[in-house]
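The chain contents come next:
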Amino acid sequence: MPHNFTVSPDFNPGHISGWYIFNTWLQRAINEEIHLELYNSSDEQRKAIADDQIDLIYANPYDATVLVRDKGFTPIARADNKTDEAIIAVNHDSPIQNVEQLTAGTRISSTGDPDVRMMCMIMLEPAGLDKDNTVMAQRDAYILIAKDLLKNDADIGFFLEETYNELSEITKKQLRPIVQSQIHVIHHLLLAGPKLAHKKDEIQSSLLSMNDDPKGSGVLKSLSFESWSAVEQEEAEFMIDLMDTLAD
Amino acid sequence: MKNMMPDEISGEYREHTFKYHDNTERTVLITDIETPLPEGRLIVSRTDLNGVITEVNQSFIEMSAYHKDELIGQPHCILRHPDMPSAAFSDLWETVKKGDKWHGYVKNLRKDGGFYWVYATVIANVRKGEITGFTSVRRRASRSKICEAEALYKTLQ
């Protein structure tokens, strides 16, 4: 039976082929059969996690909490120079210039990505806004959030910073960020499930030396990653503690 | 902890002396200058079991106005503002030492005598069933909540 690998659904769709290339490279590097399964939504992926169908995952910080603390996953690595930050944006012509001008009844467009939603809801707190006095519409992709803003179907949109920056120039010209998180210490993690835990050191050393050969460098490039850094248990636990302080 | 010195203070100040349980004292100099936490920022720190700072992020350093090496190894109460009632901190420690999460609005004292308000959350770091330290995350608070907290803390002084 091959091991199952998945990636948090908030990745840039332009990197789908990159993840398949990475999976092929990884199978050769650690001599294990691994099947890549990409889910369309966080809900679908979470069900697979709950059903113990995942053995290796590039997880968002929110899901990493459950995976490490409840499912016994082991942290392996994180991509360098990639932290998870969020942006709240408005239509470029919106009169809203900052968060504190927002009022009860604000219409929000968001994906189901839990970490982005949580960070953005925290950034609305200074305006006294929360889930009870705002109206939330959930979309399947960040481009649909942009469309909601362009059509004035939403007052504000929640974006993963990286995804916002990768919107087309034409789209970005019609939008305007009003606030951007600067947390710096929250990031996606590559985690191994209990059935692959014995391969942790092998996977980690393969990832850390990816830049040493042209094939590995090419794989990193296809994901827009510069390199990987090892993540040990305590670093992951610290990030999880931090997520825990935010989750209320 | 060192007393605050007049040459480090920006603007007019007044003095306050804290008396601690171990009979030590600290004189702080306070001004009415507020530095709001910028939108989108989170202040993060960790302490050991005794409340001694072991880790701070860049936002902590910038908002406190201290250098990192002036913070690491110091008790977290280096940021305590005299307007904060001791009852709030007693509640904090009682809560987190039980392993529960504590939330509250906190007025912190800067090295330059000014202050900043935050909404703080503190949790215990539990490793293999044991509490090994505490993580605190502070975020920007709404002005209306700050006003409520200010009024409440005056009654608790």
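Numbers given to residues run from 1 along each chain, matching the order in which its sequence is written. Note on labels: chains are lettered from A, ligands numbered from 1, in written order. In keeping with the predicted nature of the model, local features appear solely for residues at pLDDT of at least 70, side-chain atom pairs appear and are counted solely at 80 or more, and the whole-chain, interface and lining totals rest on all residues. To get the side-chain values, take all heavy atoms of the structure and skip hydrogens and water.

### Examining the confidence of the model for chain A
Here is the rule we go by: Confidence of the prediction at every residue is given by pLDDT, a number between 0 and 100. Where helices and strands are cited, they refer to DSSP runs of H or I of at least four residues and of E of at least two residues respectively, numbered from the N terminus.
This prediction gives chain A a mean pLDDT of 93; 100% of its residues lie at or above 70. When pLDDT is averaged over each helix and strand of chain A, the minimum, 89, is found for helix H2 (residues 42-50) of chain A and the maximum, 98, for strand S6 (residues 107-110) of chain A.

### Some points on the packing of aromatic side chains
Given two aromatic rings, their pairing is described by the distance between the two centres and the angle made by the two planes. For clarity, the cut-off: When two rings of Phe, Tyr or Trp (its six-membered ring) have centres within 6.5 Å they constitute a pair, described as stacked for plane angles under 30 degrees, edge-to-face for angles over 60, and tilted for the intermediate range. Under the scheme applied here, a residue whose accessible area is under 20% of the maximum for its type counts as buried, over 50% as exposed, and between as partly exposed, the area being computed with a 1.4 Å probe on protein chains only.
Throughout the structure, instances matching the rule amount to 16 aromatic pairs over all chains. Centre to centre, the rings of Trp19(A) and Phe225(A) are 5.9 Å apart; their planes meet at 80°, and the pair counts as edge-to-face. Of this pair, Trp19(A) sits in helix H1 (residues 16-30) while Phe225(A) sits in the loop between helix H9 (214-222) and strand S11 (228-230), placing them 206 residues apart in sequence. Among the residues examined, Trp19(A) registers a relative accessible area of 2% and is labelled buried. Where Tyr105(B) meets Tyr119(B), the ring centres are 4.9 Å apart and the plane angle is 45°; that geometry is what we call tilted.

### Some details on the sheet that holds strand S2 (residues 34-36) of chain A
Residue and element names in this part refer to chain A. To keep things clear, this is the line we draw: At least two bridges found by DSSP between two strands is the condition for calling them paired. Note on definitions: angles span 0 to 180 degrees between N-to-C directions of axes, and those axes are lines fitted to C-alpha atoms, for helices only across the stretch in contact.
The mixed open sheet is built from six strands, whose spatial order is S2-S1-S3-S10-S4-S11. Only two strands of the sheet have a single partner each, and these edge strands are S2 and S11. Each adjacent strand pair in this sheet contributes to an overall mean axis angle of 25°, direction not counted. Across three bridges, strand S4 (residues 74-79) lies against S11 in antiparallel orientation. In the strand pairing of S11, Arg 78 is matched with Ser 229.

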